[in-house]
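The lines below spell out each chain.
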Amino acid sequence: MNTKLRRTLVAWALMGPITVVILFPFAVMLVTALKPADEVLQPHWWPRSPQWSNFVAMWDATNFGPALFNSLVVSGFSTLIAVAVSIPAAYALARMPFRGKGAFRQFLLISQMLSPIVLVLGLFQLVVSLGLLDTRLSIVLVYAAFAIAFATWLLQSYFATIPRDLEEAAWVEGASRAKAVRTVFLPLALPAVAVTCIFTFVQAWNEFVLALTLLRSTESYTLPIQIFSLVAGRYTIEWHYVMAAALVATIPVAIVFAAMQRHLVRGLAAGAVK
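The structure displayed is predicted, hence computed values, not measured ones. (Residues numbered from 1 in each chain as written. Predicted model: local features only at pLDDT ≥ 70, side-chain atom pairs only at ≥ 80, totals over all residues. Heavy atoms only, no water.)

Caption draft 1: Focus on the overall build of the chain. Regarding its fold elements, the chain presents 14 helices and zero strands. If you list the helices and strands of the chain from N to C, you get α-α-α-α-α-α-α-α-α-α-α-α-α-α. The dimensions of the chain, computed from C-alpha atoms along their principal axes, are 75 × 70 × 30 Å. In the chain, of all internal contacts separated by at least 6 residues, the share reaching a separation of at least 24 is 71%. (Helix = DSSP H or I, 4+ residues; strand = E, 2+ residues; numbered from the N terminus. Contact = heavy atoms within 4.5 Å.)

Here it is in structure tokens:
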């Protein structure tokens, strides 16, 4: 056995238990989603007759389509707003000297220690006063507001690693600061922006408490609330539908991670080097 093959076997032996632990919940969801209703609580593992039609039936029975659309809209727009606001703020922190910079950085860090649950009552009153209760816009604005501090903190630490000489070279060539940022700085910062987008999107996608407080009608429900409604307050829970919905709800996040995997690894590696 050559050295490369031995290392490969050892690596897989070490990663095997971790892989099993990570994939086990997804396996449970898939197996339960494929069971007929009368077999869901049976002690056997694999269904005697897998029901792939459960996914189609779940889509119609649980109002899954509108909830999926709402989650995509809310997560997408809140990510865009948060990143659009955070990029210039992070650039100012990384490049421009000003009084109170250290205090502002500490403020960003301390704000992450405050749980959104503490502010639920105040946010509810604010949203009601603005006439935005039970609208997607209210959730978009709240999610973006909570994500801006984290996104700014994450981006400014990466922006500080980009050599200033590259921008100065663009200035010497006659480019303005805005053009240098657009053509030189931002392409180099793309990995960090991608990482920030991923974390912000996932945070908005999985958020539950604020959505449960600010959304009232089923037409405006996001996926976490819609899936929760399949369990809460019911005498009979159709677990095969619940598991099918939960499994399908993970697919958009998996697609985002797969699409931005290269940038994610680069951004995390750069942060580790710093």
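Next comes the rest of the write-up.
Caption draft 2: Fine view of the environment of Phe159. The residue Phe159 is located in helix H6 (residues 136-159) in this model. When the C-alpha positions of Phe159 and Ala144 are compared, they lie 21 Å apart, and in sequence the two are 15 residues distant. Setting aside chain neighbours within four positions, we find Phe159 in contact with Ile87, Ala90, Tyr91, Ala94, Arg95, Phe185 and Ala189.

Caption draft 3: Focus on the nonpolar core. Phe55, Met58, Phe64, Trp205, Leu223 and Ala245 are the most contacted members of the largest nonpolar core, which has 25 residues in total. Going through the elements one at a time, helix H1 (3-34), helix H2 (53-61), helix H3 (64-95), helix H9 (190-206), helix H11 (223-229) and helix H12 (239-249) are the ones with two or more residues in this core. The element that contributes the greatest number of residues to this core is H12, accounting for nine residues. Apart from the residues within four sequence positions on either side, Phe64 is in contact with Met58, Trp59, Leu223, Ala245, Val248 and Ala249. Formed by 16 residues, the second largest nonpolar core is a distinct cluster that contains Val74, Val120, Leu210 and Leu215. (Core = buried A, V, L, I, M, F, W, Y, C linked by side-chain atoms within 4.5 Å. Buried < 20%, exposed > 50% of the residue type's maximum accessible area, 1.4 Å probe, protein only.)

Caption draft 4: Here's a closer look at the layout of surface pockets. A volume near 350 Å³ is recorded for the largest pocket. Those elements that provide at least two residues to the lining of the largest pocket are helix H4 (101-111), helix H5 (120-129) and H6. Per-element tally for the lining of the largest pocket: the top contributor is H6, with six residues. Here the lining of the largest pocket is built from residues that sort into 14 nonpolar, four polar and no charged. (1 Å grid on protein atoms, 1.4 Å probe; cavity = no way out; pocket = protein on both sides within 12 Å on 5 of 7 lines; lining within 4 Å. Points joined across faces, edges and corners; volume = space filled by probe spheres on them. Nonpolar A, V, L, I, M, F, W, Y, C, P; charged D, E, K, R; others polar.)

Caption draft 5: Focus on the confidence of the model for the chain. Averaged over every residue, the pLDDT of the chain is 84; residues scoring 70 or more account for 94%. By mean pLDDT, the top-scoring element of the chain is H3 (92), and the lowest-scoring one is helix H14 (residues 261-273) (54). (pLDDT = per-residue confidence, 0-100.)

Caption draft 6: Representation of H1 within the structure. Of all the bends found along H1, the most pronounced is centred on Leu23 and spans about 40 degrees, while Pro25, a proline, follows it within four residues. Regarding H1, the residues found buried are Met29, Val31, Thr32, Ala33 and Leu34. In this fold, the buried residues of H1 make contact with H2 and H12. (Bend = angle between axes of the 7 residues up to and from the residue.)

Caption draft 7: How the structure looks around helix H8 (residues 177-188). The terminal C-alpha atoms of H8, which comprises twelve residues, lie 15 Å apart, in line with the 16 Å expected from a rise of 1.5 Å per residue. Residues Ala180, Val181 and Phe185 constitute the buried set of H8. The buried residues of H8 occupy an angular sector of 95 degrees when projected down its axis, which confines them to one face. (Expected span 1.5 Å × (residues − 1). Arc of directions from axis to C-beta.)

Caption draft 8: Summary view of the packing of aromatic side chains. Counted according to the given criterion, the structure contains nine aromatic pairs. Ring centres of Trp59 and Phe64 lie 5.1 Å apart, and the angle between their planes is 50 degrees; this geometry places the pair in the tilted category. Overall, Trp59 belongs to the partly exposed group, its relative accessible area being 38%. Aromatic side chains Phe104 and Phe107 sit 6.2 Å apart centroid to centroid with 35 degrees between the ring planes, which places their arrangement in the tilted category. A residue pair is termed a helical-turn pair when its members lie 3 or 4 positions apart in one helix, as Phe104 and Phe107 do in helix H4 at three residues. You can call Phe104 partly exposed: its relative accessible area is 33%. Members of the aromatic cluster, joined through ring pairs, are Tyr91, Phe159 and Phe185. (Phe/Tyr/Trp six-rings, centres within 6.5 Å; stacked < 30°, edge-to-face > 60°.)

Caption draft 9: View of a nonpolar patch on the surface. A cluster of nonpolar side chains, contributed by Ile18, Ile22, Leu23 and Phe26, occupies part of the molecular surface with about 390 Å² of accessible area. Mapped onto the secondary structure, Leu23 falls in helix H1. (Patch = residues over 30% accessible without salt bridge, like charges linked within 9 Å, V, L, I, M, F, W, Y side chains within 5 Å. Areas by Shrake-Rupley, 256 points an atom, 1.4 Å probe, with all protein chains shown as cover. Salt bridge = Lys/Arg side-chain N within 4 Å of Asp/Glu carboxyl O.)

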